[in-house]
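Descriptive analysis of the structure
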Amino acid sequence: MAGRAIGRREFLKGVAASGVIVGLGGLALTGEGCVKKGKVVTASATAQGHGGPITVTLGVNDGTGKIVSCDIVGDDETPGVGGRAVEEMPAKIVSAGNLSVDGIAGATMSSMAIISAATTAYTEAMGSSSIQAIMAPGTYDGHSDSYWLGYTTPVKVTVDRDSILSIELPKPEDRFRHGETSVMLKACIERLVPRIIQNQSIAVDAVTGATVTSSSIKSGVRMALLAALKAGGSQEAAIQKFMAAPKKSEGETTERLECDVLVVGLGGGGILAMKSALDQINRLSTKPLSDGRVSIIGIDKAGKVGGKTAHAHAGLAINPPKYKAKFNQGRDYTNRNDFESKYLQYLTRSDGSMAGKPEVVKAWIDATGPAIDFMYDNGFRFGTLEKGAFIDGINIWDIAPAPSDPGTFEDRRLLYDGYARGILASVVAQGGRCLLETEAYEYITEGGRVAGVKARDLVTGKQYTILAKAVIQATGGFGDSQELIDKWLQPKQAGPRVFFDLGTDDGKMIKAAVAAGAGTWNIDSPPMTGETVSTYTMLHKYPAIVDSAENPELYRISGRPKAWSLNDIPYGIGCDATCMNVDKDGKLFWSTVYNTATGALNTFRPQTTVTGNYFYTILSNKQLDSFRDKGFLYTKWKNWGNRYGEFPAKTPVPEIYEVVDAALSVKNYMYKGDTIEALAKQIGIDPAVLKKTLETYNGYCKTGVDPQFGKPKNCLVDLGDSGPYYAVKLSNRAFATCGGLDVDAQMRVLKADHVTPIEGLYAIGVDSLGVIINNEVGYSGFMGSAQSWSRTGGYIAGAAAVTYVRDKLGLSVSSVAMAYSKPK
């Protein structure tokens, strides 16, 4: 899909017709007659990186235009990823003497932010000097590293002599021609491409929630523009004409909107809340107006709908009435009372107290089935039924297809995106409104009632005052806010960890609700981890090897031919079950999550939750020699921790020591000590404790019996009595936070007294998941609980909010049902 070809006059507002000479500082560093001597001028500028602001300070010779010094500060960038760009880009820029440098592999967004900030600083340092920026008209190819490493994303850019006319990218569904997650690429085609063309700049805002894909596309466009400039006889440095960050065009504008129901957050639950509200308005309206339009608004910080639900798969439901009638001869799939009993057991703390809210759990269980029927009636289709972990007969519904069905996770993402867009379109067709890349940040209250929100357009800067008779909050928790993680989580769970996040789960509206008097429930709960782990950083030294067979096996997660790289080796070491796992205190542990044979309640407790935000895998040369000669034999962890694919099992790794040496040079990654005590000091563990743990573990290995965790005999490989010893640091990768606002069975947010509802405010999804979570244990072992809570909550809250508005304040717009095409 290509960006619309736009005429130069339509978009180059304020640019002179002869504007091929641009004020780009002393970029005429190679032109004849340029000044060869000058003084060093220093200037600084800041741009938004992946984790936070990145500030670049340049020293530029104003006579030659040569960059002689570069300092970059980006404390919030991820160590080993964006942090590598912060560390390595200064030397590259100074060595080149200009900004025509490549970014750092694997840190595309941070690299682009650095180049953008450096451009502004350079222009400021050089003042009014200029250079020609002329392109040869035509179409030019570019590409960049993609989200799925080992793949590139091609870009075609069509230009005239001084402007970008169109940008063409592969179709999202044609995933074998690109390496992006398809739903992210779709959002960028719809929002980023027009933004670049309109502003004639690749320094525009990334699509919120699709930052990695946005940066990949911008890098490809930059490559194509460099080729066009070179063909036009311009210096490469003239690329800076297209690197100016546009101003927020509507920063001084405020718009007032009014509605009956406002949904803040358009993930899976938020979209269903809009549709449930629409249906309830249609049911309750008795005096329809001629236009039959409803008063519903949905906003989302991201530039796409569906939230994380588009990337999740399982969802729990109990005996959907219509569904079982159609597909199971009316028979129940599972025993509802048995499920409730076991779930309440999970919610019982070790001291016998109840962590969750039984009355809410019961209402949720009873609504899970009707919620599935509601989704099915509105076009959703589901994959093969599966039995949930630990309890036979739990009805697990997967967004089609299920793991046992043909297809990959990428197929599911596209299918879900179609479902979500279809539901939203049905609401918009009857008068609803949707605002994307629009962030709510404060509640408006009136006499103790929530009466709307203050919000802003993240791209234009436009402010909104949205007055609403009822607000449904579905913002995805606070996993993207280190401040709130450290403030609200249990001490052992606080601190940096890797989240599967879209950059939108910042917790602003949970804070806003608390400021408006809302109570919280189990907000200190450990995040949703299960067995998913990741290293805090990655190597980018080695190439990716992609399966090039005629009929390659597809990697289930990426939906592309399997790829692997030696860069994966440290992650593979960390996940191999022949090594020793210890928590941050040096105590032994091993994950026994999927012990379905006994169904014992202790299997509800993911051991990764017990360790806090990270743990270590400890090994010696004994394990490394085995990996070198035999490969990885006993991997245990779920493979969500890298973006290549799966390292081939039982494949010798002769380069193992070379790769380990490379990993040891990266911060926060791998560690080595000649003795176990020396290693302990490096990783911040009491040497005596780690030494004792090693002795205990080696004893288990020698007897072949692990009395603590039941680790299989074939995985019990001792580490020996002498070093060197190694450690890999692994983060318990989290999908989302679990604790949040206190709600009742209608999803009404309760005040801090945990009894009185805040009028007009509802919370669904992980914003209120804490009421069905045991904060002593963490996320439940009942697969699909969070997805079920989200969509069931949307189904409940949409109808409840409309009923409240009708009874207390009156519906402002009546409606009649309108026909629309359901997604197929």
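Residues numbered from 1 in each chain as written. Predicted model: local features only at pLDDT ≥ 70, side-chain atom pairs only at ≥ 80, totals over all residues. Heavy atoms only, no water.

**Let's talk about the overall build of the protein**
The helix and strand inventory of the protein stands at 19 helices and 28 strands. Within the protein, buried positions represent 60% of all 824 residues. Of all intrachain contacts in the protein linking residues separated by at least 6 positions in sequence, the fraction that spans at least 24 positions is 73%. (Helix = DSSP H or I, 4+ residues; strand = E, 2+ residues; numbered from the N terminus. Buried < 20%, exposed > 50% of the residue type's maximum accessible area, 1.4 Å probe, protein only. Contact = heavy atoms within 4.5 Å.)

**Concerning the nonpolar core**
Leu262, Val453, Ile466 and Leu769 are the most contacted members of the largest nonpolar core, which has 104 residues in total. Beyond its immediate chain neighbours, meaning those up to four positions away, Val453 contacts Leu262, Val264, Ala440, Glu442, Tyr443, Ile444, Tyr464, Thr465, Ile466, Val471 and Met509. The next biggest cluster of nonpolar side chains, apart from the first, holds 64 residues, and it includes Met89, Ala125, Val207 and Leu229. (Core = buried A, V, L, I, M, F, W, Y, C linked by side-chain atoms within 4.5 Å.)

**A closer look at the packing of helix 3 (residues 108-126) against helix 5 (residues 211-231)**
At a minimum axis distance of 8 Å, the contact between helix 3 and helix 5 shows a crossing angle of 55°. In terms of orientation, helix 3 lies oblique with respect to helix 5. Pair helix 3 / helix 5 crosses with left-handed handedness. Taking contact as the criterion, the partners of Thr108, Met109, Met112 and Ile115 in helix 3 are, on helix 5, Thr211, Ser215, Ser216, Lys218, Ser219 and Arg222. Among the residues forming the contact of helix 3 with helix 5, the class breakdown is 3 nonpolar, 5 polar and 2 charged. (Axes fitted to C-alpha atoms, helices over the stretch in contact; angles between N-to-C directions. Parallel < 35°, antiparallel > 145°, perpendicular 65-115°, else oblique. Left-handed = near helix turned anticlockwise from the far one by under 90°. Nonpolar A, V, L, I, M, F, W, Y, C, P; charged D, E, K, R; others polar.)

**As for helix 8 (residues 336-347)**
Three- or four-residue spacings in an α-helix give side chains the same orientation, since the helix completes a turn every 3.6 residues. Helix length check: helix 8 (12 residues) gives 17 Å between terminal C-alpha atoms against 16 Å at 1.5 Å per residue, within 8%. Looking only at helix 8, the buried set comprises Arg336, Phe339, Glu340, Tyr343, Leu344, Tyr346 and Leu347. Seen along its axis, helix 8 keeps its buried residues to an arc of 150°; they face one direction. (Expected span 1.5 Å × (residues − 1). Arc of directions from axis to C-beta.)

**Some details on helix 16 (residues 656-664)**
Within helix 16, the full set of buried residues consists of Ile656, Val659, Val660, Ala662 and Ala663. Projection of helix 16 onto a plane perpendicular to its axis shows the buried side chains occupying an angular sector of 160°, all on one side. If you follow the buried residues of helix 16, they end up packed against helix 13 (569-575), helix 15 (621-630), strand 24 (670-673) and strand 25 (725-732).

**Considering the sheet that holds strand 4 (residues 67-73)**
Pairing within the open sheet is antiparallel, and its 3 strands lie in the order 2-3-4. Edge positions in the open sheet fall to strand 2 (40-48) and strand 4, since each of these has one partner strand only. Averaged over all pairs of adjacent strands, the angle between strand axes in this sheet comes to 15°, irrespective of strand direction. Here 6 bridges tie strand 3 (residues 53-61) to strand 4, and the two strands are oriented antiparallel to one another. Residue pairing across strands places Val56 opposite Ile72, the latter belonging to strand 4. (Pairing = 2+ DSSP bridges.)

**Topic: the packing of helix 6 (residues 268-284) against helix 10 (residues 409-428)**
For the pair helix 6 and helix 10, interaxial distance at closest approach is 9 Å and the crossing angle is 30°. If you check the angle between helix 6 and helix 10, you find them roughly parallel. Where helix 6 crosses over helix 10, the handedness of that crossing is left-handed. Along its contact with helix 6, which presents Gly268, Ile271, Met274, Lys275 and Leu278, the element helix 10 presents Tyr416, Ala420, Ile423, Leu424, Ser426 and Val427. Looking at the contact of helix 6 with helix 10 residue by residue, the class counts come to 8 nonpolar, 2 polar and 1 charged.

**Digging into the packing of aromatic side chains**
Going through the model one piece at a time under the given rule, you end up with 21 aromatic pairs. Both rings, one in Trp364 and one in Trp789, keep their centres 6.3 Å apart while their planes meet at 75°; by these two values the pair is edge-to-face. Here Trp364 is found in helix 9 (residues 358-377), whereas its partner Trp789 is found in helix 19 (residues 785-808), with 425 residues between them in sequence. As far as the burial class goes, Trp364 and Trp789 line up, both buried. Geometrically, the ring pair formed by Tyr616 and Tyr671 is edge-to-face, given 6.3 Å between the ring centres and 80° between the ring planes. With a gap of 55 residues between them, Tyr616 in strand 23 (residues 614-620) and Tyr671 in strand 24 connect regions that are remote in the sequence. In this structure Tyr616 comes out as buried when scored by relative accessible area, which is 3%. Positioned above the aromatic ring of Phe735 is the side chain of Lys308, whose terminal nitrogen or guanidinium carbon lies 5.3 Å from the ring centre. Note that Lys729 overlies the ring of Tyr536, its terminal NZ or CZ placed 5.1 Å from the centroid. (Phe/Tyr/Trp six-rings, centres within 6.5 Å; stacked < 30°, edge-to-face > 60°. Lys NZ or Arg CZ within 6 Å of the ring centre and 35° of its normal.)

**Digging into empty space enclosed by the protein**
Within the structure shown, the criterion is met by 1 cavity of 30 Å³ or more. Around the largest cavity, the lining is made up of 10 residues, and of these Gly268, Thr309, Met375, Tyr416 and Arg791 lie nearest the centre. Put simply, the parts of the chain that give the lining of the largest cavity at least two residues each are helix 6 and helix 19. Here the lining of the largest cavity takes 3 residues from helix 6, the largest share from any one element. Residue composition of the lining of the largest cavity, grouped by class: 5 nonpolar, 4 polar and 1 charged. (1 Å grid on protein atoms, 1.4 Å probe; cavity = no way out; pocket = protein on both sides within 12 Å on 5 of 7 lines; lining within 4 Å. Points joined across faces, edges and corners; volume = space filled by probe spheres on them.)

**Brief notes about the confidence of the model for the protein**
Across the protein, pLDDT averages 86, with 87% of residues at or above 70. Taken together, the stretch residues 1-36 has pLDDT below 50 and engages in 87 contacts with residues farther than four places along the chain or on a different chain. Confidence drops under pLDDT 50 across residues 815-824; counting only partners more than four residues distant or on other chains, this segment forms 26 contacts. (pLDDT = per-residue confidence, 0-100.)

**Considerations on the pattern of salt bridges**
Tallied over the full model, the rule gives 43 salt bridges. A salt bridge links Glu439 to Lys301; the nearest nitrogen and oxygen atoms lie 3.4 Å apart. A residue pair is termed long-range when its members are at least 10 positions apart, and Glu439 in strand 15 (residues 438-446) and Lys301 in the loop between strand 10 (296-300) and strand 11 (314-316) qualify at 138 residues. Since its relative accessible area comes to 6%, Glu439 is described here as buried. Judged by relative accessible area, which is 17%, Lys301 ranks as buried. The partner of Lys562 in a salt bridge is Glu553, and the shortest N-O contact between them spans 3.1 Å. Residues participating in the shared-partner salt-bridge network are Lys301, Glu439, Arg456, Asp506 and Lys508. (Salt bridge = Lys/Arg side-chain N within 4 Å of Asp/Glu carboxyl O.)

**Considering the pairing of strand 7 (residues 152-159)**
With burial as the criterion, only one face of strand 7 is covered, namely that bearing Thr153, Val155, Val157 and Val159; the residues Thr152, Pro154, Lys156 and Thr158 on the opposite face remain uncovered. As defined by bridge partners, strand 6 (residues 138-145) adjoins strand 7 across 8 bridges and the pair is classed as antiparallel. Its bridge partner lying in strand 7, Asp145 is registered against Thr152. Linking strand 6 back to strand 7 in an antiparallel pair, the connection comprises 6 residues, with Gly150 at a positive phi of about 105°. The pairing of strand 7 with strand 8 (residues 164-168) spans 4 bridges and is antiparallel. Among the inter-strand pairings, Thr158 is bridged to a residue of strand 8, identified as Ser166. In sequence, strand 7 turns back onto strand 8 through a hairpin of 4 residues.

**Section: the environment of Ile557**
The residue Ile557 is located in the loop between strand 20 (544-546) and strand 21 (563-565) in this model. Note: C-alpha distance between Ile557 and Glu410 (147 residues apart in sequence) is 6.7 Å.

**Topic: the sheet that holds strand 6**
With antiparallel pairing, 3 strands are arranged side by side in an open sheet as 6-7-8. What marks the edges here is a single partner per strand, and that holds for strand 6 and strand 8. The mean angle between the axes of side-by-side strands here comes to 25°, regardless of whether they run parallel or antiparallel. Together, strand 6, strand 7 and strand 8 form the strand contacts of helix 5, whose direction differs from that of strand 6 by roughly 140°.

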